[in-house]
Amino acid sequence: MSVKVWVAVAAALLAVLLVPPLLTPGADSGEGSQVRALRVLVPNAPGGGYDITARTAAKAMEDADLLRNAEVFNLPGAGGTVGLGRTVGERGNGKLIMSMGLGVVGAVYTNKSPNSLLDTTPIAKLIEEPDIVVVAKDSPYTSMQQLVDAWKANPGTVTVGGGSAPGGPDHLAPMLIAKAVGLPPKTVNYIPFDGGGELLASVLGGKVAFGVSGVGEYRDQIQAGTLRVLAVTSKNRIEGVDAPTLQQSGVDVEFTNWRGIVAPPGISPTDKAKLVEVFQNLQKTPQWKEALQRNGWTDAFAPGDEFRTFLENENKRVATVLKDLGLA
Amino acid sequence: MEQLLDGFATALTPTHLLLAAIGVLLGTAIGVLPGIGPAMAVALLLPVTYGMEPTGAFIMFAGIYYGGMFGGSTTSILLNTPGESAAVVAAFEGNPMARKGRGAQALAAAAIGHFTGGIIGTILIVLLAPFVAKHAVDIGAPDLFAVMVLAFIAVTSVLGASRIRGFASLLIGLTLGLVGLDEMTGQQRLTFGSLHLADGIDIVVVAVALFAVGEALWVAAHLRRKPFEPIPVGRPWLSKADLKRTWKPWLRGPVIGFPFGAIPAGGAEIPTFLSYVTEKRLSKHKDEFGKGAIEGVAGPESTASASAAGTLVTMLTLGLPTTAVAAVMLAAFQQYGIQPGPLLFQRESGLVWALIASLFIGLTLLLVLNLPLAPLWAKLLRIPRPYLYAGILFFASVGAYAVNADIFDLLLMFVIGLLGFGMRRYGLPVLPAIIGVILGPAAEQQMRRSLQLSDGSLTGLVNSPMAVVVYVVIVVILFFPLIRRFLPSPTPPAAPPPEREKIDA
């Protein structure tokens with residue numbers, strides 16, 4: 001090969017290898033509560049929800065000098081349970097954390113994973129993102145009540161689309177709604193799509209009767225008036241979306257997708273306290289507050305043991321729904 | 001038009017030009033390196049670009065996206081190891097060409113194909129964005145399933161000499177495609193309780209294993225018996241005859257690729273395959289297909305880049321990502337507090353037009369970079385065969401491992417590689433298996449989704465005008481030979497044109 005090619009290849013490699021380290025200070029002089037050389041495992045692909053949460057948090061913590069030399073890496077597979085298996089396997093490692101969320105709770109059941117989230121050391125719940133019940137602007141349904149009546153009369157033809165596979169948040173939400181209005185989950189005609197984006201096309205095109213998904217990807221369409229939101233699933237109404245909550249519409253369900261951080265089992269109490277503290281401090285940084293706003297996330301911080309209780313409850317709730325469907 | 005010129009003015013500033021150049025260089029390098037696709041590259045670069053203003057960052061990302069397409073076909077053609085799914089089809093004809101000493105021509109045909117496809121695709125973005133935004137959402141599961149059926153009919157043309165062996169190979173592919181969690185119900189299929197198989201088997205792993213590993217084993221098994229002869233490296237430039245054969249495929253590519261990129265769940269795999277089959281049908285050199293026909297490289301590569309442009313349309317105008325790269329770029333937009341969607345062209349028109357202008361510039365840079373490189377890359381094949389194949393195996397292993405950093409994928413690749421060796425030994429063509437892995441899961445998903453939408457009624461498969469049109473075309477293609485037999489006088493001139501039109505549609 002000619003010199004030119006070698007130069008091109010070498011330049012590209014250098015750019016890949018050198019640019020990221022140059023942009024993060026490499027000096028090793030932190031003290032006190034600063035955590036060094038932390039590895040953050042992301043159990044889904046780059047660009048996914050857990051990935052964005054992990055990278056945003058790591059960046060905000062580095063900017064605020066809470067963290068030095070954090071490394072975010074991806075280990076995707078089986079709805080996050082491959083990463084979970086790795087985390088549970090690294091017993092006692094206080095320098096590893098995993099970014100995760102509600103999706104992993106369901107994936108443990110659908111993938112028949114040998115490890116459960118309750119095997120880990122919960123560090124903190126970070127954020128929540130409410131789901132919305134949404135229809136196209138020319139849909140016949142204008143209120144949740146109308147939709148529920150039609151749905152109960154004919155669960156087969158009133159199809160519901162969601163952006164996650166069975167066991168994921170967008171699947172659980174309609175099942176919980178169905179249960180609350182007295183419709184057996186097994187009769188629900190749920191059609192999974194590959195993410196909220198693909199679902200969006202089917203809702204806009206009127207292919208599915210209604211969609212249930214995170215509000216994030218839909219804000220622009222809602223603002224443009226091409227989508228109508230019938231209800232939000234969270235406890236309170238959300239800013240910028242003119243729709244009642246499920247409870248205000250007479251459906252007794254409160255549901256939000258959430259994301260948090262867990263660590264391997266058996267880490268020392270000091271390590272655990274240190275990690276919890278880092279995330280506690282993250283809450284106060286302006287960088288994190290700005291990131292929350294930018295991504296449309298709701299702050300839902302819950303430290304270690306509180307997060308554990310929450311996880312146990314979520315685990316039970318998910319298990320009940322999936323058992324009804326024969327998936328757990 | 002004025003906005004586009006403003007866009008060029010923004011994109012041609014030295015900073016942006018430099019960023020575009022970095023983007024295409026990185027993209028090409030990433031495309032050539034196994035295991036890192038453009039999606040991952042953009043995701044990894046996201047944190048680095050936080051500090052930059054959004055226009056510059058997106059100009060760079062767009063460069064990486066198109067650059068990855070250019071680079072991806074390089075390994076596909078030279079080493080028979082596709083780096084990403086869009087480049088799988090390039091190996092079909094590109095690698096036989098490279099082994100005949102026409103590697104440089106294959107690379108040049110691919111590069112010009114990407115350029116033409118990308119440029120036409122980008123022009124179509126400018127002209128058709130509002131139209132596509134309005135109609136892309138009308139295409140639903142029944143329409144997509146009808147197109148899949150058409151693609152399955154088209155598979156018959158790659159079955160090879162023996163139908164039975166061809167179908168056996170197709171079934172192997174379909175079976176591999178079944179592995180994983182059933183997407184509709186969450187039940188496990190052929191996973192044998194392994195979490196690693198729950199997501200199914202990646203098409204890139206299958207393609208690399210069947211093409212590269214299978215062939216390396218085959219060569220290793222025969223190297224001692226055959227006299228050693230290095231792969232010839234012919235003259236580097238496209239001849240007049242080559243150009244005559246390739247200009248039409250280059251122009252036909254976007255017709256197939258652009259719409260597929262724009263529709264939800266379209267992607268680049270199925271259109272590149274359809275383009276390959278179309279070129280095979282239309283070519284005057286049908287006998288050369290499978291042995292290195294240049295049309296089989298030119299068409300699909302142009303299609304791949306045009307589909308990348310189509311993807312950008314739906315992402316920008318609807319906020320709807322149809323491929324992994326688009327999904328990452330969408331996340332990037334959101335990081336900057338910009339929400340792609342119907343209001344984007346009004347709210348951020350400066351950024352959008354600068355981005356579109358930078359696509360033109362990026363493509364030109366890529367062509368300038370890749371054409372002179374083609375003969376240099378082709379010289380790689382002068383490496384003596386044992387070292388070359390060792391290198392290929394090394395690259396394939398790194399690629400399979402890098403996708404998920406999982407040793408299991410490596411094992412899987414070698415097991416499927418052994419299967420590929422066995423298939424070569426018993427004369428089973430490899431191509432139908434690859435097509436089975438691509439088409440099987442997609443067709444299943446669309447069919448079950450259509451039936452679910454209609455609550456189990458079979459009318460759900462034919463309740464849209466487009467689906468009906470496609471089925472009519474299929475019936476015409478299938479029964480045409482029969483009908484022709486009963487026609488009184490031979491009227492062949494009327495036959496081929498409609499058939500070709502329909503395949504393009």
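Residues numbered from 1 in each chain as written. Chains lettered and ligands numbered in written order. Predicted model: local features only at pLDDT ≥ 70, side-chain atom pairs only at ≥ 80, totals over all residues.

Peer 1: Explain the overall build of chain A residue by residue, including any values.
Peer 2: Counting its secondary structure elements, chain A contains 11 helices and 12 strands. Expected size for 328 residues packed as a compact globule is a radius of gyration near 20 Å; at 22 Å, chain A falls within 12% of this value. Taking the principal axes of the C-alpha coordinates as reference, chain A spans close to 65 × 55 × 40 Å. Looking at chain A as a whole, 50% of its 328 residues qualify as buried. The long-range share in chain A, meaning contacts at least 24 apart out of those at least 6 apart in sequence, stands at 77%. (Helix = DSSP H or I, 4+ residues; strand = E, 2+ residues; numbered from the N terminus. Rg over C-alpha atoms; globule rule 2.2 N^0.38 Å. Buried ≥ 20, exposed ≤ 12 C-beta atoms within 10 Å, placed from the backbone. Contact = placed C-beta atoms within 7 Å.)

Peer 1: Got a sec to walk through the overall build of chain B? Specific residues and values, please.
Peer 2: Secondary structure assignment for chain B yields 19 helices and two strands. Radius of gyration (C-alpha) of chain B: 22 Å, near the 23 Å computed for a compact globule of 505 residues. The dimensions of chain B, computed from C-alpha atoms along their principal axes, are 60 × 55 × 55 Å. Here chain B holds 505 residues, and 57% of them are scored as buried. The long-range share in chain B, meaning contacts at least 24 apart out of those at least 6 apart in sequence, stands at 80%.

Peer 1: Residue-level account of the domain arrangement of chain B, with values.
Peer 2: All names here are of chain B. Once the domains are mapped, chain B shows domain 1 (2-463) and domain 2 (464-505). Its C-alpha centre places domain 1 at a distance of 29 Å from the equivalent point of domain 2. Facing 17 residues of domain 1, the contacting portion of domain 2 comprises 13 residues. Those elements giving two or more residues to the side of domain 1 that touches domain 2 turn out to be α6 (141-155), α9 (240-262) and α10 (269-282). By residue number, the principal contributor to the side of domain 1 that touches domain 2 is α6, which donates seven residues. (Domains from an automatic or database assignment.)

Peer 1: Explain the pairing of strand β10 (residues 227-232) of chain A to me, and be specific about the residues and the numbers.
Peer 2: Residue and element names in this part refer to chain A. Within β10, five of the six residues are buried, which leaves the element mostly enclosed by the surrounding structure. As paired elements, strand β6 (residues 121-136) and β10 share five bridges and run antiparallel to each other. Paired with Val133 across the bridge in β10 is Ala231. (Pairing = 2+ DSSP bridges.)

Peer 1: So what's going on with the pairing of strand β11 (residues 256-263) of chain A? Residues and values would help.
Peer 2: All names here are of chain A. Burial analysis of β11 places seven of its eight residues in the buried class, the great majority of the element. Two strands pair when backbone bridges link them, and strand β5 (residues 96-101) and β11 are joined in this way by four bridges, in the antiparallel orientation. Paired with Met100 across the bridge in β11 is Gly260. The pairing of β6 with β11 spans eight bridges and is classified as antiparallel. Bridge pairing in β11 links Glu129 to Asn257.

Peer 1: How would you sum up the domain arrangement of chain A? Please name residues and give values.
Peer 2: Residue and element names in this part refer to chain A. With domains assigned, chain A is organised as domain 1 (35-128 + 257-324) and domain 2 (130-256). The interface of domain 1 with domain 2 comprises 15 residues on the first partner and 18 residues on the second. Mapped onto the side of domain 1 that touches domain 2, the elements with two or more residues apiece are α4 (102-110), β11 and α11 (304-324). When residues of the side of domain 1 that touches domain 2 are assigned to their parent elements, the largest contribution, six residues, is made by α4. Within the side of domain 1 that touches domain 2, the residues separate by chemical class into seven nonpolar, six polar and two charged. (Nonpolar A, V, L, I, M, F, W, Y, C, P; charged D, E, K, R; others polar.)

Peer 1: Can you lay out the environment of Ile59(B) for me, pointing to particular residues and giving the numbers?
Peer 2: Residues and elements named next belong to chain B. Inspection of the secondary structure puts Ile59 in helix α4 (residues 54-79). With 29 C-beta atoms counted inside 10 Å, the residue Ile59 sits in the buried group. For the pair Ile59 and Gln445, spaced 386 residues apart in sequence, the C-alpha to C-alpha distance is 35 Å. Once residues lying within four places of it in the same chain are set aside, the contact partners of Ile59 are Ala11, His16, Leu19, Ala20, Gly23, Ala354, Leu355 and Ser358.

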